[in-house]
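Observations on the model geometry
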Amino acid sequence: PGSSQPIAEPATQNATANELMLLARHYEQQVRERQDVDTETLQRAVHYYRLATKADPESALAQSRLAGALLYLGDFDGAEAHGSAALLLNPNLAEVQYPFGKILFARGSPNMGEPLARAVELNPNLPDALADYAHWYWFNVETEGVPELYQRALELDPLNPARYAALGSFLAINDRPEEARSLAEQMRITFDGATAYRAIAHLYDLVGDVDHAIAWTIKARNAEPGNPLHVER
């Protein structure tokens, strides 16, 4: 009450499309939480997103989420088609602008910063958009303001090890190793499991502490012995 912010519209008014989107999101999240891509599960998410767009062709969010899943699958043409459709339906959704920026990045477009910036402007509480915009801004504009974007993403999503890893990587690469070590220590206290172990190892690697990097990579390998990427690392 009393807020000047516009009230967000629902993703869809179609109950069937809503259930399909929830189901698709469930499978997509399972894939994104793994280091290696489970193509079969991702295909299942794409299938349900397609059904959602057919149940409600006017849902910009359904089109956009389908675009994001297709992009993760490597189908750039399909992702761009559905991302463009989402933009036509509602360009004022952060969750429409953000995936489109990712699509432009995959295409090698120099204009990807525009939709990412627009996504952050539309919704400053979207951690993925904040983190990816920070990454783009860091490598294409300057470093000023970048740690604040990463920090904001971390504050909004504190149970995601990737948020710590992104901020820690920036700090380590930009000659702030003690702050990066502090983040690694926070992760050690907060998290358990291979995902966190990998991130901790990466931060120690960046600050030049090879022994700790090896030790945490071994922990990751032992926690996830079926993942060959640990051995490679």
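Residues numbered from 1 in each chain as written. Predicted model: local features only at pLDDT ≥ 70, side-chain atom pairs only at ≥ 80, totals over all residues. Heavy atoms only, no water.

**So, the overall build of the chain**
When helices and strands are counted, the chain shows 13 helices and 0 strands. Its helices and strands in sequence order give the chain the pattern α-α-α-α-α-α-α-α-α-α-α-α-α, from N to C terminus. Computed over the C-alpha atoms, the radius of gyration of the chain is 19 Å, within 12% of the 17 Å expected from 2.2 N^0.38 for a compact globule of 233 residues. C-alpha atoms of the chain, sized along the principal axes, occupy 55 × 40 × 40 Å. (Helix = DSSP H or I, 4+ residues; strand = E, 2+ residues; numbered from the N terminus. Rg over C-alpha atoms; globule rule 2.2 N^0.38 Å.)

**Details of helix α6 (residues 113-122)**
Every buried residue of α6 is accounted for by Gly113, Pro115, Leu116, Ala119 and Val120. Packing partners of the buried residues in α6 comprise α5 (94-106) and α7 (127-140). (Buried < 20%, exposed > 50% of the residue type's maximum accessible area, 1.4 Å probe, protein only. Contact = heavy atoms within 4.5 Å.)

**Considerations on helix α2 (residues 39-55)**
Residues lying three or four places apart along an α-helix face the same way, a consequence of the helix completing one turn every 3.6 residues. An ideal rise of 1.5 Å per residue puts 24 Å on 17 residues; α2 measures up with 24 Å between its terminal C-alpha atoms. Taken together, the buried positions of α2 are Thr41, Leu42, Ala45, Val46, Tyr49, Ala52 and Thr53. One side of α2 holds all its buried residues, which, seen down the axis, span an arc of 145°. Every exposed residue of α2 that faces more than 90 degrees away from the buried side is listed here: Glu40 and Lys54. Structurally, α2 contributes buried residues whose contacts are with α1 (15-32) and α3 (60-73). (Expected span 1.5 Å × (residues − 1). Arc of directions from axis to C-beta.)

**Here we look at the confidence of the model for the chain**
Confidence in the prediction for the chain averages 92 pLDDT; 96% of positions are at 70 or higher. Of all secondary-structure elements in the chain, the lowest mean pLDDT belongs to helix α13 (residues 228-232), at 86, while helix α8 (residues 146-156) reaches the highest, 97. (pLDDT = per-residue confidence, 0-100.)

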